[in-house]
Amino acid sequence: MDLSAINPILLIAALMSAATPILLAATGELVVERAGVLNLGVEGMMITGAICGFSIAVETGSPTTGFIAAAVGGAVLSLLFALLTQVTLANQVASGLALTLFGLGISSLLGQGYVGVKPPRMPDVNFGPLSEIPVIGPILFSHDPLLYVGLLLVAGVWAVLRFTRAGLVLRAVGENHDAAHALGYKVVRIRILAIMFGGALAGMGGAYISLIRVPQWTEGMTAGVGWIALALVVFASWKPWRVLLGAYLFGGITQLQLNLQGAGVAIPVEYLAMSPYVITIVVLVMLSADKSAAPGSLGRSFHASS
Amino acid sequence: MKLTTLFAGAAVALGLATVAVADGHEKTKVGFVYVGPIGDGGWTYEHDKGRLMVEKELGDAVETVYVENVAEGPDSERVMTQMALDGADLIFTTSFGYMDPTINIAAKFPDVKFEHATGYKRADNVSTYSARFYEGRAIQGHIAGKMTKSNIVGYIGSFPIPEVIRGINSAYIHASKVNPDVEFKIIWVYTWFDPAKEADAAKTLIEQGADVVLQHTDSTAPQAAAQEAGNVVTFGQASDMAQYAPFPRVSSIIDEWGPYYVARTKAVMDGTWESMDTWDGIGAGMVGIGEISDAVPADVKEEALALKAAIADGSYHAFTGPINKQDGSAWLADGETADDGTLAGMNFYVEGIQGDIPQ
């Protein structure tokens with residue numbers, strides 16, 4: 001056992017990077033669910049974003065364009081879900097599952113020519129002298145731009161939901177769509193926008209894996225991250241800051257357990273391997289003891305005639 | 001099922017209908033159950049290459065079907081049942097975790113032949129087959145021991161099953177033989193295929209000082225992580241992974257399933273199929289060693305090739321004594337070689353490896 005092999009600064013820096021795909025996807029899904037829609041297609045939108053972002057980044061040589069393409073790709077795919085659930089009033093659970101299967105299929109089709117290709121690297125944000133500060137510099141000021149975008153999005157979603165009229169309307173639609181409709185809000189339109197926002201963020205989360213975290217394209221490379229993001233939204237009781245906490249906790253313990261294994265710590269590996277799931281769930285369940293409930297209309301179809 | 005699979009299935013079904021009408025003769029149907037996607041660039045990719053070889057060699061006489069991304073455990077029983085009900089004559093289940101499901105389903109379909117990769121449970125209609133990957137690991141270990149400057153070799157383990165443990169032991173024995181100071185850092189990721197997790201494990205090992213990373217997982221993600229780090233040596237796993245050659249990937253273990261799949265399919269067609277256990281290595285061509293790139297010094301490359309030749313012609317066994325177990329107790333005496341039974345159930349580290357095997 002050699003704990004000195006673990007560099008805590010690198011560990012924290014790595015956890016922030018590891019948590020970002022989950023964070024992006026979960027933040028998007030949070031907005032969707034606060035609008036009263038349950039989209040189980042996060043995994044499908046992520047993997048579609050992963051290949052859209054990857055292929056466009058490779059073709060244009062610009063990772064930034066890649067991320068924009070990933071957001072567009074995820075949003076376009078989510079439009080399919082919006083069409084099924086908001087226009088034709090199909091079951092949301094079934095449509096979401098179908099979206100995941102469809103996304104996995106279409107991404108492997110789109111990705112045929114991109115196996116083994118190396119994507120352009122996204123440079124880290126240049127903070128100048130800030131990144132020279134010992135300890136804090138490497139932890140806070142030495143990351144790719146998307147990681148900061150993820151953090152800003154969490155803050156933005158929180159602020160919008162809490163302080164703005166738009167956020168209030170969105171929450172009203174999610175809590176009671178009949179009442180919101182009676183007040184004259186366009187329930188379906190608001191929900192479609194929320195679904196697209198969720199799709200865009202899931203797409204960016206996927207592209208973060210294919211462009212920054214791994215970086216390569218492999219079929220099925222999101223390997224279940226979308227499901228973790230979905231679970232995280234529920235355990236975080238639909239609150240943005242708790243999503244951030246959950247994502248960092250999950251990413252952090254995942255990294256920590258890998259490091260502990262590498263250092264040969266005498267904790268049985270199977271406990272280490274399950275620790276990210278267990279600890280994240282326990283912490284978030286304890287936090288959600290404050291009786292925060294799911295949005296009232298979550299998962300229910302809405303039609304103006306009802 | 002994926003869109004591409006659907007299309008492929010539809011195309012095959014259409015072809016089948018035409019032929020069946022044409023000569024009234026039914027094709028031999030061969031099913032494959034895959035643990036990952038066929039585009040993983042590693043394990044499943046090579047099995048699918050074997051499937052394509054069956055199609056190519058036997059042409060119209062066979063029809064192949066496959067299902068990707070089948071979770072190990074109960075879900076795989078559903079897939080196998082469906083294949084058997086759809087008229088498969090022979091089903092290859094290509095991951096260790098399909099072992100009990102294969103035995104269960106085989107009992108329900110006595111007329112269907114099953115072939116389970118890397119397992120040890122057989123029945124009248126269940127054969128097992130595997131490759132002696134540990135022979136390739138010996139060569140990797142040799143190169144790793146020579147190439148490491150930090151004397152730390154990282155190893156990404158999937159599941160603590162005998163196949164993986166054999167690989168770790170074989171690599172360690174041969175690395176420490178040429179470099180007594182070498183230390184193995186082993187991380188278990190508990191998955192065969194999860195590129196993000198594999199990349200994280202590789203990065204962790206690199207951050208902890210490893211400058212050679214061996215992987216026993218299926219994707220090329222660790223290769224990408226090593227490429228980013230810049231000065232880390234890797235080896236292709238299951239497939240050549242030549243897109244990362246000549247550096248970081250300096251060589252590889254390649255699984256060559258095609259000839260075996262063709263032979264076994266033919267055996268079903270001839271009615272000569274019998275339950276048996278096949279375990280072939282470099283000599284029989286089931287394990288290939290990918291080209292050793294120029295990033296490896298010429299003398300090391302020569303030694304590695306000599307080692308490969310000695311293993312291939314049987315003059316050298318990768319587990320040749322004296323070898324002690326991790327606890328220091330004697331396992332193999334001087335010159336003694338390991339028997340297949342012990343190797344097949346290997347559940348201990350050899351002397352010198354740190355840490356415990358998860359139970």
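Here the structure is shown first, and the text comes after it.
To start, this report covers the structure provided alongside it.

What counts, and where the lines are drawn
- Residues numbered from 1 in each chain as written.
- Chains lettered and ligands numbered in written order.
- Predicted model: local features only at pLDDT ≥ 70, side-chain atom pairs only at ≥ 80, totals over all residues.
- Helix = DSSP H or I, 4+ residues; strand = E, 2+ residues; numbered from the N terminus.
- Rg over C-alpha atoms; globule rule 2.2 N^0.38 Å.
- Buried ≥ 20, exposed ≤ 12 C-beta atoms within 10 Å, placed from the backbone.
- Contact = placed C-beta atoms within 7 Å.
- Pairing = 2+ DSSP bridges.
- Axes fitted to C-alpha atoms, helices over the stretch in contact; angles between N-to-C directions.
- Right-handed = clockwise from strand over helix to strand, strands pointing away.
- Nonpolar A, V, L, I, M, F, W, Y, C, P; charged D, E, K, R; others polar.

When you go through chain B residue by residue, the secondary structure sums to eleven helices and 14 strands. In summary, chain B has a C-alpha radius of gyration of 21 Å against a globular reference of 21 Å for 359 residues, a match within 12%. Here chain B holds 359 residues, and the buried ones make up 54% of them. By sequence separation, contacts in chain B at least 24 residues apart represent 66% of the contacts at least 6 residues apart.

Turning next to the sheet that holds strand S11 (residues 277–280) of chain B. Residues and elements named next belong to chain B. Taken in spatial order, the six strands of this open sheet run S2-S1-S3-S4-S5-S11, and their pairing is parallel. A single partner strand is all that each edge strand has here, and the edge strands are strand S2 (62–67) and S11. On average, adjacent strands in this sheet sit at an angle of 15 degrees to one another, irrespective of strand direction. Relative to strand S4 (residues 113–117), strand S3 (residues 90–93) runs parallel, the two sharing four bridges. From the neighbouring strand, phenylalanine 92 faces S4, where its bridge partner is glutamate 115.

This next bit is on the pairing of S4 of chain B. Residue and element names in this part refer to chain B. Most of S4 is tucked away: five of the five residues are buried. Alternating positions in S4 separate into two faces, Lys113, Glu115 and Ala117 on one and Phe114 and His116 on the other, with burial throughout. For the crossover from S3 across helix H4 (residues 99–108) to S4, the handedness is right-handed. With four bridges joining them, S4 and strand S5 (residues 126–131) adopt parallel strand pairing. If you follow glutamate 115 over to S5, its bridge partner there is serine 127.

To continue, consider the interface of chain B and chain A. Listed per partner, the contact involves 34 residues of chain B and 36 residues of chain A. Secondary structure elements with two or more residues in the side of chain B that touches chain A: helix H1 (3–23), strand S7 (183–188), helix H7 (195–207) and helix H8 (221–229) of chain B. Of all the elements, H7 of chain B adds the most residues to the side of chain B that touches chain A, at nine residues. For the side of chain B that touches chain A, a count of residues per class yields 14 nonpolar, 13 polar and seven charged.

Once that is clear, we can look at the pairing of strand S8 (residues 212–215) of chain B. Residues and elements named next belong to chain B. Residues of S8 alternate between two faces, with Val212 and Leu214 on one and Val213 and Gln215 on the opposite face, all of them buried. Sheet topology places strand S6 (residues 152–157) next to S8; four bridges connect them, and they run parallel. Across the sheet, the residue bridging to tyrosine 155 is leucine 214, located in S8. Handedness of the crossover joining S8 and strand S9 (residues 233–236) through H8 is recorded here as right-handed.

Inspection of the secondary structure puts leucine 305 of chain B in helix H10 (residues 298–312). In this structure the C-alpha to C-alpha distance between leucine 305 of chain B and isoleucine 289 of chain B, which are 16 residues apart in sequence, comes to 9.3 Å.

Glycine aside, residues mostly have negative phi angles, and peptide bonds mostly take the trans form. For the peptide bond that leads from phenylalanine 247 of chain B to proline 248 of chain B, omega is 10 degrees, which places it in the cis range. Position of proline 248 of chain B among the secondary structure elements: in the loop between S9 and strand S10 (249–255). With an omega of 5 degrees, the peptide bond running from glycine 321 of chain B to proline 322 of chain B counts as cis. Phi at tryptophan 238 of chain A is positive, roughly 60 degrees, even though this residue is not glycine. Its location among the elements puts tryptophan 238 of chain A in the loop between helix H10 (225–235) and helix H11 (240–263). At methionine 241 of chain B, a residue that is not glycine, the phi angle is positive and equals roughly 55 degrees. You can see methionine 241 of chain B is positioned in the loop between S9 and S10. Exposure remark for methionine 241 of chain B: the 27 C-beta atoms within 10 Å place this residue in the buried category.

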